[in-house]
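Listed below are the residues making up each chain.
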Amino acid sequence: MSNEGLQSLYNDAVRLEKSGQSADAKRLYEKILQEDSNFYLAYQNLGVIHAKENDHIRATQFFSHAVKIHPDFKNCYNIAVSFFRMKELDKATHFLKQALKFEKKFVLAHLLLAQIYQSQENDEKTEVYLTNVVKIDPNHKTALGGLAMFYYERNRYPESLKMLERYLLLYPGNSQLRLIQSDILAKQGNYKASASLLTEMATQDAGFVSFNQTLEKAWNEEDSLAQASLNRIQGSAKKKLKEFKAKLELSRENPEEFSPPDPQEAMDLSLLYLFNGNPEKAMQYLVFAQKMKENTET
């Protein structure tokens, strides 16, 4: 078949693929490869179709052919994603770095590397690749949210607050990140600003009032880095709240051994209750924290 004939067949396959007729598109791509085994775009598109069908084993086979014939950042990234989906992280990392050799400012490769290194608890490289994204795109939603939570979990509060402020200025309305912002303000001793923010959220933000119900709705897949951090924090909050309740139960038997929480502990309890969907209790401890702080300043 002539080059013009193959190109025409390829164009037909692409139209079928875009119209959702994947099976027919596959047949045409395979027919092209029978005529020309070096037609890398057919391998590439077959890989994409199989990846969309979650058949990543077959997808990597087709992407491998595409990479060998025509190595570029797109084919390297495609195969990396399929290896990532199969949890073959070393292979995914290899091809992501290959993609960056072709296009060093390819944001998606930096983000996926950050996600991989985060899963491997490699803090240094997680930070490097998230920071790379912010350097390439200072307003990148996923990277700003990911860095904000990365710093927060490591008690690097000034850096976290800076990223949160940038994120919320560009993408307002995320109750969970505003909650983290208020916690950082409290940890830095700015109880007034923290309490003001929490009070505003509790009275005005419907999503804040029904906090647990909005957990899934608050995030898109693109925010998976920050969401993973918040899921860990929520799990930790449940454990800490359980410990506090046990301590409270014991205090009823031995009240002389129980000391009331200080302002920071009260703020922590307020946040714990919020993360566990109890805004009424949260506000009680918030008011308590404010009063304790005022008493210590007079």
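None of these values were measured; they are calculated from a predicted model.

A. Structural context of the environment of Ile69. With respect to the helices and strands, the residue Ile69 is situated in helix 4 (residues 56–69). C-alpha separation for the pair Ile69 and Ser37, spaced 32 residues apart in sequence, amounts to 9.6 Å. Aside from chain neighbours lying at most four places away, what touches Ile69 is Ser37, Asn38, Tyr40 and Tyr43.

B. Inspection of the packing of aromatic side chains at higher detail. For the structure on display, the rule yields nine aromatic pairs. Here Phe83 and Phe95 contribute two aromatic rings whose centre-to-centre distance is 6.0 Å and whose plane-to-plane angle is 15°, an arrangement assigned as stacked. Separated by twelve residues along the polypeptide, Phe83 in helix 5 (residues 73–85) and Phe95 in helix 6 (residues 89–102) bring together distant segments of the chain. Owing to a relative accessible area of 8%, Phe83 belongs among the buried residues under this scheme. The buried category is assigned to Phe95, whose relative accessible area is 17%. Measuring from ring centre to ring centre gives 5.8 Å for Tyr117 and Tyr129, while their planes differ by 15°; the resulting arrangement is stacked. Highlighted residues: Tyr117 in helix 7 (residues 107–119) and Tyr129 in helix 8 (residues 123–136), separated in sequence by twelve residues.

What counts, and at which threshold
Residues numbered from 1 in each chain as written. Predicted model: local features only at pLDDT ≥ 70, side-chain atom pairs only at ≥ 80, totals over all residues. Heavy atoms only, no water. Helix = DSSP H or I, 4+ residues; strand = E, 2+ residues; numbered from the N terminus. Contact = heavy atoms within 4.5 Å. Phe/Tyr/Trp six-rings, centres within 6.5 Å; stacked < 30°, edge-to-face > 60°. Buried < 20%, exposed > 50% of the residue type's maximum accessible area, 1.4 Å probe, protein only.

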